[in-house]
Amino acid sequence: MRYRQLTTGSLALGVVLLVDVLRVWLPGIITIFGQAASTPAELMGAFALGWFVLAMAAPALVRRVGPRWVAGTAAVLLAVARLALTSAPGGRPQLWLATAGLLAGLVWLVGVAGGTDRPVPGLALGLAVNAAVHAMLDTYDLVWRGGAVAWLVSVVAVVLFLLGTALPAAPPGPGGTRSWLLAGPVLLLAGMVALAPALAEAGMSYLVASGGVARSPLFGLAPVPVAVAGFLLAALAGPTRRWGRPLGPAALLAGAVLFALDRGDLLVAAILLTAVGLGACLALTDAPGRAEAAEAAPAAPAAEAAAAPAETGTAAETAAAAPAEADADADARVAGDHGSAGVDGIRRAAARRGYAVAAGMLLFVLGAVGYYSAYDLGYPNAAVPVVVAGLVAAVALAARPSGHRRPGPLPPLRTAGAVAALALLAPLFADEVAVASNREGPPERLRVVAYNIRMGFGLDGRFDLAGLTAAIDRQRPDVVLLSEVDRGWLLNGGHDTLDLLSDRLGMPYVFGPAADPVWGDAVLSRWPVTDLRSRPLPALGAPTGAQALAVTLDLGDGVRCAVVSTHLQPPPDAGPVAQARAVADFATGYAAGRPLVVAGDLNTEPGDEAFAQFTAAGLVDALAVARPLATSPADDPHQQIDHVFVSPGLTASDPVAPRGEASDHLPVAVTVTLPPR
């Protein structure tokens, strides 16, 4: 049991570190390699895919030199890369460090697969712990936070991981191929849906609003402990009886379908169903198949005899064993009992598991690229999570257990309870709810800020929450209109950027979905808001959807001001004229004569036909006195594409576009004086 627990714990820690690296590497493809959408999506996809294809060579290396040597070397490289990323270097150094960490992590997985025939407990524990910690940190990971605490926790995790990797493990049996094959697809569905705290927070925010609009919820992370507990219990409790075998795959498929419907009010249900279904599918592959049980039976006494002396050895002797020596010793024991044919069989089984996990991770990147590239290339992507879930379900149902039930290395109830308790700290401590309140009487002026935040990533590719907060807060805003808001895309690291900014600015939010329920535009206000509406805009061939989000500020004593936030997404080789006309018509109709502010990244410049749609609707350019006021790109602004329009009764003053590189756009800010009462 001790060896199984050590192997499980080491595998779980490695999964945590690998997911941390992925949360840096995946956004780096867009923000650093992609250079703010100037690189074709096909080239970015090829860059991502290439490293996973390269990892397919690792199983041949395992067969030649042994799994422990490969796993040990790759573990050191993964650990070094993870620690280096804690400094958040930014730019190409960050991208290549993350790439080195990713490749090391993939090779490490192949090496571990070669020496582990029962990965389900470790994989499940690692994914669950990572989700719990991600939630406890309010989706703002240690790798981005920096500081003494982040370094201390990172170093402790890395040291424990390396110690666990160095310790010897019992010789593996011949099974585990199906479980390792599912590692990649399960990681994809866990990161996209089942164990995604940001998605849970977004889902809860839809349950406190209506009409497809979301707003700041109470205890937005509450679904996370439930999902974590359900996933771990299903994975660790072992496969169900014959009549119950289809239940887990059915739950997984149902959750994937709900997620694919792109409805915010169904996200919480999708998360919980997918979490339980994923765990149950892993459990179905955890039991040895009939052929595996028959093959392992003659070798069982030899494996027990080989493990027995190690249990009586000292801890120092165990820790000092080198990976290559352990591989040779294991081969010698097998050869002594079964001859060279036994050694070849063990090596073949190790390579088979290595190819399985490498293929599974290849499925991970194919699914991720296939799903998120749709927002650049414009094809339907709803089938991707359903197809991946169907693959996981098919592999799970294809497993034919022998009837021999192996005891697990972790007690299901206690393990699930402990990790769920860790996740429970998130809704208790990480959740902060900003509250809007009226001041003394209606204000005479409102300070308005509009900002395209590029999912929270600065020009150097770092997740720059501090920079975004400072850029907005320096303007002392009353209302903030945000574009390119991401609330949980795995591609962008799985952050709820809107909730994080809301907490730091002390301003509750309203969110309007554009591309899907977790990517769109938002309004944050120090004043209470009412009459929330979101209007989809005509796509006209544009790959990413667009919308207009309208709210009414309640300024007290019956004074109201309408605010509309939008981000125009022009179709290929055309301007956003039709979308601009739709926003102008919607905004003026919504305001119905009340004071009106319309702002956002409009992707049009003064003098363009799309810009003229707003002035033709009777709106006034609030930034006119400061023209030219370029806002993009942030490091060399020469395009005037971020704008604020107001109704004729409002007076605009003090327009600025303060310099900074927390996004690829500059924010625009203006003071709006309300009409006299």
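Our structure's up above, just so we're on the same page.
Residues numbered from 1 in each chain as written. Predicted model: local features only at pLDDT ≥ 70, side-chain atom pairs only at ≥ 80, totals over all residues. Heavy atoms only, no water.

**Focus on the overall build of the protein**
Along its length, the protein carries 26 helices and 13 strands. When each of the 677 residues of the protein is scored for burial, the buried share is 58%. The long-range share in the protein, meaning contacts at least 24 apart out of those at least 6 apart in sequence, stands at 79%. Per element, the accessible surface of the protein, about 24800 Å² overall, is 63% carbon and sulfur. (Helix = DSSP H or I, 4+ residues; strand = E, 2+ residues; numbered from the N terminus. Buried < 20%, exposed > 50% of the residue type's maximum accessible area, 1.4 Å probe, protein only. Contact = heavy atoms within 4.5 Å. Areas by Shrake-Rupley, 256 points an atom, 1.4 Å probe, with all protein chains shown as cover.)

**Comments concerning empty space enclosed by the protein**
A water-sized probe, rolled over the atoms, reveals where empty space remains. Under the criterion given, the structure shown has seven cavities of 30 Å³ or more. What lines the largest cavity is a set of 21 residues, among which Val-19, Arg-23, Gly-191, Leu-195 and Leu-490 lie closest to the centre. Secondary-structure elements contributing two or more residues to the lining of the largest cavity are helix 1 (2–33), helix 6 (120–136), helix 10 (183–194) and helix 11 (197–207). (1 Å grid on protein atoms, 1.4 Å probe; cavity = no way out; pocket = protein on both sides within 12 Å on 5 of 7 lines; lining within 4 Å. Points joined across faces, edges and corners; volume = space filled by probe spheres on them.)

**Observations regarding the pattern of salt bridges**
Two side chains that carry opposite charge are able to pair once their charged atoms sit near each other. In total, this model carries eleven salt bridges according to the counting rule given. The partner of Arg-263 in a salt bridge is Asp-265, and the shortest N-O contact between them spans 2.7 Å. In this structure Arg-263 comes out as partly exposed when scored by relative accessible area, which is 44%. The shortest N-O distance in the salt bridge between Arg-627 and Asp-621 comes to 3.0 Å. Classification of Arg-627 by relative accessible area gives partly exposed; the value is 22%. The exposure class assigned to Asp-621 is buried, which follows from its relative accessible area of 14%. (Salt bridge = Lys/Arg side-chain N within 4 Å of Asp/Glu carboxyl O.)

**A word on the sheet that holds strand 12 (residues 651–656)**
Taken in spatial order, the seven strands of this open sheet run 1-4-5-3-2-13-12, and their pairing is mixed. Strands at the two margins of the open sheet, each flanked by one partner only, are strand 1 (214–215) and strand 12. One ladder, built from four bridges, connects strand 12 with strand 13 (residues 668–673); its direction is antiparallel. Its bridge partner lying in strand 13, Ser-653 is registered against Thr-671. (Pairing = 2+ DSSP bridges.)

**Comments concerning the sheet that holds strand 7 (residues 547–554)**
Across the sheet, which stays open at both edges, the six strands sit in the order 6-7-8-9-11-10 with mixed pairing between neighbours. Two strands bound the open sheet, and with one partner strand each, they are strand 6 (529–536) and strand 10 (620–621). Bridging between strand 7 and strand 8 (residues 560–567) involves seven bridges; their strand directions are antiparallel. Bridge assignment links Leu-549 to a residue of strand 8, and that residue is Ser-565. Together, strand 9 (596–601), strand 10 and strand 11 (642–646) form the strand contacts of helix 26 (residues 609–616), whose direction differs from that of strand 11 by roughly 20°. (Axes fitted to C-alpha atoms, helices over the stretch in contact; angles between N-to-C directions.)

**Overview of the side chain of Gln-547**
Here Gln-547 is to be found in strand 7. Residue classification places Gln-547 among the buried positions, given a relative accessible area of 1%. Only 3.3 Å separates the side chain of Gln-547 from the backbone nitrogen of Leu-549, close enough to count as a polar contact. Leave out the neighbours within four places in its chain, and Gln-547 touches Gly-512, Pro-513, Ala-514, Asp-521, Ser-534, Arg-535, Pro-536, Leu-537, Ser-565, Thr-566 and His-567. (Polar contact = N/O pair within 3.5 Å; in protein donor to acceptor, adjacent residues only side chain to side chain.)

**Here we look at the nonpolar core**
Trp-25, Trp-108, Phe-364 and Leu-482 are the most contacted members of the largest nonpolar core, which has 148 residues in total. At 14 residues, helix 1 tops the list of elements feeding residues into this core. Aside from chain neighbours lying at most four places away, what touches Trp-25 is Phe-47, Ala-48, Trp-51, Phe-52, Leu-95, Ala-98, Thr-99 and Leu-102. Ala-599, Leu-623, Ala-657 and Leu-666 belong to the second largest nonpolar core, which has 33 residues in total. (Core = buried A, V, L, I, M, F, W, Y, C linked by side-chain atoms within 4.5 Å.)

**Examining a nonpolar patch on the surface**
A cluster of nonpolar residues, Val-149, Trp-151, Leu-152, Val-153, Val-155, Val-156, Val-159, Leu-160 and Leu-163, forms a patch on the protein surface that exposes about 790 Å² of accessible area. Following the sequence through the fold, Val-156 ends up in helix 8 (residues 147–166). By relative accessible area, which is 42% here, Val-156 ends up partly exposed. (Patch = residues over 30% accessible without salt bridge, like charges linked within 9 Å, V, L, I, M, F, W, Y side chains within 5 Å.)

**A closer look at the environment of Thr-39**
Along the chain, Thr-39 turns up in the loop between helix 1 and helix 2 (41–54). Spatially, the C-alpha atom of Thr-39 lies 9.9 Å from that of Ile-29, the residues being ten residues apart in sequence. Among all residues touching Thr-39, those that are not within four sequence positions of it are Phe-33, Gly-34 and Met-44.

**Side note on the side chain of Ser-10**
Relative to the elements of secondary structure, Ser-10 occurs in helix 1. Ser-10 gets classed as buried once you look at its relative accessible area, which sits at 10%.

**Considering unusual backbone geometry**
Of note, the bond from Arg-627 into Pro-628 is cis; its omega dihedral lies within 30 degrees of zero at -5°. Not every positive phi belongs to a glycine, and Thr-139 is a case in point at roughly 70°. You will see that Asp-531, though not glycine, has its phi angle at about 50°, which is positive. Mapped onto the elements of the fold, Asp-531 is located in strand 6.

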